[in-house]
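# Coordinate analysis (summary)
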Amino acid sequence: MLSRRIIPCLDVRDGRVVKGVRFRDHVDMGDIVELALRYRDAGADELVFYDISASPQGRSVDRGWVERVSRLIDIPFCVAGGIRDVETARAVLHAGADKISVNTPALERPALICELADAFGVQCVVVGIDSIRETDGQWRVRSHTGDPDRTRELPTRTLDWIAEAVRLGAGEIVLNCMDKDGVRTGYDLEQLSAARAVCAVPLIASGGAGEIAHFADAFLQADVDGALAASVFHSGRIAIPELKRALAAQHIEVRCP
Amino acid sequence: MRVVIIDAGGANTGSVRYAFERLGIEAALVTDAASIRLADRVVLPGVGTAAQVMARLRQLDLVDVLRSLEQPLLGICVGMQLLYERSEEGNVQGLGLLPGTVARLAGAGGMRVPHMGWNRLRHTAPGTLATGIAEGDHAFFVHSFAAPVTPDCILASDHGAPFAAAVQRGHIGGAQFHPERSATVGARLLQNFLAPGVVPAVSPNGSPA
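Since this is a predicted model, take the numbers as computed values, not measurements.

## Quick look at the overall build of chain B
For chain B, the helix and strand inventory stands at 6 helices and 14 strands. Dimensions of chain B along its principal axes, counting C-alpha atoms only, are 50 × 35 × 35 Å. Among the 209 residues that make up chain B, the fraction classed as buried is 58%. Relative to all contacts within chain B whose residues are 6 or more apart in sequence, the contacts with residues 24 or more apart total 68%. Here chain B contributes 16 positive and 16 negative side-chain charges, whose respective centroids are spaced 3 Å apart.

## Observations concerning the side chain of Asn-103 of chain A
All names here are of chain A. Of note, Asn-103 is situated in the loop between strand 6 (99–102) and helix 4 (104–108). Under the relative-accessibility criterion, Asn-103 is labelled buried at 15%. Within the structure, Asn-103 has its side chain in polar contact with the backbone oxygen of Gly-128 (distance 3.3 Å). Not counting chain neighbours up to four residues away, the residues in contact with Asn-103 comprise Gly-128, Ile-129, Asp-130 and Arg-142.

## So, the sheet that holds strand 3 (residues 41–44) of chain B
Adjacent strands of a sheet pair through backbone hydrogen bonds, lying either parallel or antiparallel. Residues and elements named next belong to chain B. The 8 strands lie next to each other as 2-1-3-4-14-13-12-9, forming an open sheet whose pairing is mixed. The sheet is open, and its two borders are formed by strand 2 (28–30) and strand 9 (122–123), each paired with just one other strand. Sheet analysis places strand 12 (residues 153–159) next to strand 13 (residues 161–169), joined by 6 bridges and oriented antiparallel. For Asp-158, the partnering residue across the bridge sits in strand 13 and is Pro-162.

## Focus: the interface of chain B and chain A
The interface is formed by 29 residues belonging to chain B together with 40 residues belonging to chain A. Of the roughly 2,800 Å² buried where chain B meets chain A, counting both sides, 51% is carbon and sulfur surface. Taken as a group, Arg-112, Met-116 and Trp-118 of chain B account for 28% of the area that chain B buries against chain A, more than any other trio of residues on that side. For the pair chain B and chain A, the number of links is 5 salt bridges. For Glu-21 of chain B, the salt bridge identified is with Arg-71 of chain A, shortest N-O distance 2.7 Å. When contributions to the side of chain B that touches chain A are tallied by element, the ones reaching two or more residues are helix 1 (13–22), strand 8 (115–120), strand 10 (138–143), strand 12 and helix 6 (183–194) of chain B. The greatest single-element share of the side of chain B that touches chain A, amounting to 6 residues, is contributed by strand 8 of chain B. Among the residues forming the side of chain B that touches chain A, the class breakdown is 10 nonpolar, 12 polar and 7 charged.

## Observations regarding the UniProt feature "active site" (unreviewed entry) in chain B
In this structure's numbering, the residues bearing the UniProt feature "active site" (unreviewed entry) are Cys-77, His-178 and Glu-180 of chain B. Spatial clustering of the annotated residues is evident: they stretch over 104 residues in sequence, but the largest pairwise C-alpha distance comes to 10.9 Å. In the annotation above, Cys-77, His-178 and Glu-180 of chain B are the residues that line the largest pocket. Within the fold, His-178 of chain B resides in the loop between strand 14 (172–175) and helix 6. For His-178 of chain B, a relative accessible area of 7% gives the class buried. Once you skip the residues sitting within four places of it in the chain, His-178 of chain B turns out to touch Asn-12, Val-47, Ile-76, Cys-77, Phe-140 and Val-142 of chain B. For His-178 of chain B, the side chain forms a polar contact with the side chain of Glu-180 of chain B, separated by 2.8 Å. Looking at the element boundaries, Glu-180 of chain B is found in the loop between strand 14 and helix 6. A residue is classified by how much of its surface remains accessible, and Glu-180 of chain B, at 1% relative accessible area, is buried. Setting aside residues no more than four positions away along its own chain, Glu-180 of chain B makes contact with Asp-74 of chain A together with Asn-12, Ser-15, Val-16, Ala-19, Arg-22 and Ile-76 of chain B.

## Observations concerning the sheet that holds strand 11 (residues 145–146) of chain B
The 4 strands are arranged 6-5-7-11 (chain B) in an open sheet whose pairing can be described as mixed. Taken across any chain shown, the strands that pair with only one partner, and hence form the sheet edges, are strand 6 (92–93) and strand 11 of chain B.

## Digging into the UniProt feature "active site" (unreviewed entry) in chain A
Residue and element names in this part refer to chain A. Residues annotated by UniProt as "active site" (unreviewed entry) correspond here to Asp-11 and Asp-130. Narrowing the list just given to those that line the largest cavity leaves Asp-11 and Asp-130. Here Asp-11 shows up in strand 1 (residues 5–13). Overall, the relative accessible area of 10% leaves Asp-11 in the buried class. Residues in contact with Asp-11, not counting those within four places in the same chain, are Arg-16, Val-17, Val-18, Lys-19, Tyr-50 and Ile-52. Within the secondary structure, Asp-130 sits in strand 7 (residues 125–133). Separated by 2.9 Å, the side chains of Asp-130 and Asn-103 make a polar contact.

Procedures and definitions
- Residues numbered from 1 in each chain as written.
- Chains lettered and ligands numbered in written order.
- Predicted model: local features only at pLDDT ≥ 70, side-chain atom pairs only at ≥ 80, totals over all residues.
- Heavy atoms only, no water.
- Helix = DSSP H or I, 4+ residues; strand = E, 2+ residues; numbered from the N terminus.
- Buried < 20%, exposed > 50% of the residue type's maximum accessible area, 1.4 Å probe, protein only.
- Contact = heavy atoms within 4.5 Å.
- Lys, Arg positive; Asp, Glu negative; His and termini not counted.
- Charge placed at Lys NZ, Arg CZ, Asp CG, Glu CD.
- Polar contact = N/O pair within 3.5 Å; in protein donor to acceptor, adjacent residues only side chain to side chain.
- Pairing = 2+ DSSP bridges.
- Buried area = accessible area lost by both parts, 1.4 Å probe.
- Salt bridge = Lys/Arg side-chain N within 4 Å of Asp/Glu carboxyl O.
- Nonpolar A, V, L, I, M, F, W, Y, C, P; charged D, E, K, R; others polar.
- UniProt positions renumbered as here; feature names shortened; annotations may be inferred.
- 1 Å grid on protein atoms, 1.4 Å probe; cavity = no way out; pocket = protein on both sides within 12 Å on 5 of 7 lines; lining within 4 Å.

In structure tokens, the structure reads:
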């Protein structure tokens, strides 16, 4: 049986891992490779590196660290941030990333998803979505979330965009529920369940993990394939081996290396 | 030991090379028949579609070279799928080194396709490539098509239905999962591939290898 994945997310800025609350006030968390190896040893199933400086600054990902990480770690990893064309994606994949994740560039030009899927196969193409609940009760997507001053409110409904992204060739969706990001009150189960219903490819929950029970809730109630978190892992508040033991005790299929 | 990785245009060739590097082996990325014939071990990785990788092998004029190899060959992911006679992905004719047809994963009963993540392995037949891999160990998969469980299958996995996770027949081997991203289980399979005597004296179906 396929395991549910535990995915630490490492926000990268200027070659260092950082973490902020609600996308602001970033604090240095350490060296990329050092943290990657620590998570690998702890039993992380996959890593996501999100270059938060790349997209807002119009830069592409620095491939140097992608290659350094690929050389040393033997679990899959995904790179996000600043990938806006097939050539950049190719460079990142050739540097050793297993998947690339696109967010703002896909919203600006949805055909990018098709181009990436055609070039590398759907299994390499992750579409990241930042979503927020608006006053009318609808979830809508946000772009340019790497820089709060440039974040844009789009009219696109989150659930419509998920369906569209999958139709265009997304092999996986990472749904970041911004209302919950960094506040540790649990994943947005209502939104994730709604997303699950329209998402035939793997769905990864992001935003809100604060304790072990939140992960179990996301798997058992929203049926997500993986759960992504950052601060609870970086701070040591949740240790991955303990998390996995707790999930296994609830009969949630996980890999305990 | 001379290990070559065929650069069939897939994106994971670098990761596969690094995986051998972690085992102390400097594998060369090659596209020419001469280097492949001289190698002690040949790896055919593949990320992309069966049609893309097969077209690339034809373009490089490597199809007959691969069909006539005598040293151990390891196909990874799409590289393993191309060992078979045919793939339903684009209805592509494969290398025909193993009997069978690669088909799309059903995706029935709430099973998501692509099959992406860590899944359990179970032994289905003896094979040196699986030495040291325990029943129920996890390996990392990313694929939408898979080979059936035939007598050549040494490790199977399940995603809606059983499929071949690793195969071995004489000097021909393959892993549907990504050994380069399957932590210690993947490293073990690669070590087994490099080990002397990887070619069994008798193939699993009883005929001389």
